[in-house]
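Descriptive structure summary
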Amino acid sequence: MAKQAEVLAKIEANLHRAIQRQDLATQTVKFELDGQVRACCLPKSFTYSDLLKSIEDLYGNRTLLELYNIHCLFSRDDALRLPITNDEDLKNLFAIAKVNGLNKLTFFLKKETTKTNSSSKMPTNLNDDSGTVSDDGHNRDAESPPPGTLVPQKRHPKLNLSHKSTASHDGGVYTPELIDDIFSNGSSSVNSRESSGNSEQDCKCRLRTMSNNKRTSTSSSVSGSSYSSQTNSNDSNRTPYSRSANTDRIPQTPSNWKLGRQLGQGAFGKVFLCYDVDNGCELAIKQIPIRGINSDTTREVKFLEGEINIYRQLDHERIVRYYGVEQTEDYLQIFMEYMAGGSVREQILNYGALTEQLTKKYTKQILNGLAYLHENRYIHRDIKCANILRDISGNVKLGDFGTSKRLIAITNNNQANSGTIGTAHWTAPEIIQGNIFGRKADIWSLGCTIVEMLTTGPPWQHLQPIAAIFHIVTSDKPEYELPKNVSKLAREFIQSCLTKDYQRRPTATDLSIHPFVCD
Ligand SMILES: Nc1ncnc2c1ncn2[C@@H]1O[C@H](COP(=O)(O)OP(=O)(O)OP(=O)(O)O)[C@@H](O)[C@H]1O
């Protein structure tokens, strides 16, 4: 009997060791194509051709011919996706995964067109093992799920934050960096947000706590444009989109308007001038193509609509005002305050790096906007010169807050291969490591943005996005070279923004008393 138990124990130990060996040699890799999530096992250091082979096995060989690009998800809350195009990208990816202790990689696959018309596009002799594909790319005819199919609920990797966060599907919401934050002011609303899980409801809750005295009054430094959204006790300065004086001044979405000239193009869509026929005002409108989106994306659009309706209530002289959102068959249209000077990115492209004097002025104004967002428990998530917009008087405001993550999901796009400069280089290390997405991440991005203003590019500007994010997580200090005449104070300010440990990184309020901006 004892002998039998001994033999059984030995077999069990051997089995255990074998399983462990197996675990070390392979890893689970997850794929998502048009909402179809599948997974397979690949060797620990697989090659680009292994990756393509797996995609072919899981989705059918014609998929490869239609594939536009393969993106890897780099942060656990889906804020950063980067293209994987060769073995070099994969090598960087493995290195980042190793540093971050990631065992599961997720790849997003995007087809050239959302509407798949495979029969006309594909050679007829191709071996198709995936059944017919419908307009939304879903496999309708397959009798049983294809190999590697995962249950749909698993679409987004669950956040595994070391601290409490607000609802995971929120856009630019607050995540406390420190455990103290959870129990300090606003803890009850954090809890209520977590329990409701309804982004619009939750944000309303939060905004109700915004006090009117936090709003700054219109100053002479602000644009003289009649569309400026500054609040003031004097209602004569109110935007035409404001409601009556005794409401919270939530701007109305224009209902009768004409499309004007194109102002610019970003990763997710085009921005146009928009003329409100009823009151003669000009706004900016961002049009994001959504024709042919699948049901997962429809859900993201709904969330974004809810969030923008909340952001409409944010009202500060350093924040570009949102005027609402509208959905048509073809586009999601976001109405915003028109900033006649365009972005600081364009300013740099047209006129070169900024002087320290101007950088200081912009930094001060960006800090004011950030402090307001952070006090109200929002995170911008995408601070960079392309999202700092200028009015006609040469003052700046923060634009595009809170929408980046949602737009990545809606357009299944990333910014690195869209002709725009992307976001990877401005991303804080804690985001790439998947630890937390808090206010301090905006401070890191601010540091990168100041480097961008002074040198025309962020730290590690010469690197490809995936190599840049590898260096962000592995290097002790970001790599950049400021012009020789940049002052010691400016250098210190940038260094403190780029403190790798987010717990030691200063807040926007701390920085607002730094001598660089107080002088
Ligand atoms: N509110 C606005 N007023 C005036 N022009 C704007 C406004 N918002 C955007 N633009 C113009 O449109 C361009 C594209 O803006 P968009 O926000 O789509 O992309 P981006 O921020 O430049 O890049 P990315 O998509 O990578 O964030 C800007 O560079 C700017 O010139």
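Residues numbered from 1 in each chain as written. Predicted model: local features only at pLDDT ≥ 70, side-chain atom pairs only at ≥ 80, totals over all residues.

1. Some thoughts on the UniProt feature "binding site: ATP" (unreviewed entry) in the chain
- The positions UniProt marks with the feature "binding site: ATP" (unreviewed entry) are K286.
- Mapped onto the secondary structure, K286 falls in strand 8 (residues 282-289).
- The buried category is assigned to K286, around which 25 C-beta atoms lie within 10 Å.
- Once you skip the residues sitting within four places of it in the chain, K286 turns out to touch G269, V271, I334 and M336. (UniProt positions renumbered as here; feature names shortened; annotations may be inferred. Helix = DSSP H or I, 4+ residues; strand = E, 2+ residues; numbered from the N terminus. Buried ≥ 20, exposed ≤ 12 C-beta atoms within 10 Å, placed from the backbone. Contact = placed C-beta atoms within 7 Å.)

2. Focus: the site of the ligand
- Contacts to the ligand come from 24 residues, most closely from G264, G266, A267, V271 and A284.
- At the level of secondary structure, the elements contributing two or more residues to the shell around the ligand comprise strand 6 (257-265), strand 8, strand 10 (331-337) and strand 11 (342-343).
- For the shell around the ligand, the leading source of residues is strand 6, giving three residues.
- Here the shell around the ligand is composed, by residue class, of 11 nonpolar, nine polar and four charged.
- Here the shell around the ligand spans two domains, since at least three of its residues come from each of domain 2 (257-337) and domain 3 (342-517). (Near = placed C-beta within 6 Å. Nonpolar A, V, L, I, M, F, W, Y, C, P; charged D, E, K, R; others polar. Domains from an automatic or database assignment.)

3. Considering the pairing of strand 8
- Alignment of strand 7 (residues 270-276) against strand 8, held across six bridges, turns out to be antiparallel. Residue C274 lies in a different strand from strand 8, and its bridge partner there is L283.
- The hairpin turn running from strand 7 into strand 8, its antiparallel successor, is five residues long, and G280 in that turn takes a positive phi close to 75 degrees.
- Inspection of the sheet shows strand 8 paired to strand 10 by seven bridges, in the antiparallel sense. (Pairing = 2+ DSSP bridges.)

4. Re the sheet that holds strand 11
- Here we have three strands laid out as an open sheet, ordered 11-12-13, and antiparallel in their pairing. Here the strands that pair on one side only, and so sit at the sheet edges, are strand 11 and strand 13 (396-398).
- Pairing of strand 11 with strand 12 (residues 388-390), which is carried by two bridges, proceeds in the antiparallel orientation. Each residue of the ladder has a partner; that of G342, found in strand 12, is R390.

5. Things to note about the confidence of the model for the chain
- Averaged over all residues, the pLDDT of the chain is 72; the fraction at 70 or higher stands at 64%.
- Taking the mean pLDDT of every element in the chain, the minimum, 30, falls on helix 7 (residues 187-196) and the maximum, 98, on helix 16 (residues 488-497).
- When the criterion is pLDDT under 50, residues 151-247 qualifies, and its contacts beyond four places in sequence or with other chains add up to 156 contacts.
- Across the predicted assembly, pTM comes out at 0.68 and ipTM at 0.97. (pLDDT = per-residue confidence, 0-100.)

6. A short note on the pairing of strand 9 (residues 322-327)
- Note: strand 9 against strand 10, five bridges, orientation antiparallel. What sits directly across from V325, in strand 10, is I334.
- Where strand 9 folds back on strand 10, the antiparallel hairpin that results is connected by three residues.

7. Some remarks on the environment of I348
- Position of I348 relative to the elements: it lies in helix 10 (residues 344-351).
- Classification of I348 as partly exposed rests on a count of 19 C-beta atoms within 10 Å.
- Spatially, the C-alpha atom of I348 lies 6.3 Å from that of T456, the residues being 108 residues apart in sequence.

8. Quick look at the environment of L511
- Among the secondary structure elements, L511 is positioned in helix 17 (residues 508-511).
- What makes L511 buried here is the crowd of 23 C-beta atoms within 10 Å.
- Here the alpha-carbon distance between L511 and F493, two residues 18 residues apart in the chain, equals 7.8 Å.
- When residues no more than four places from it in sequence are discounted, the contact partners of L511 are L367, P506 and V517.

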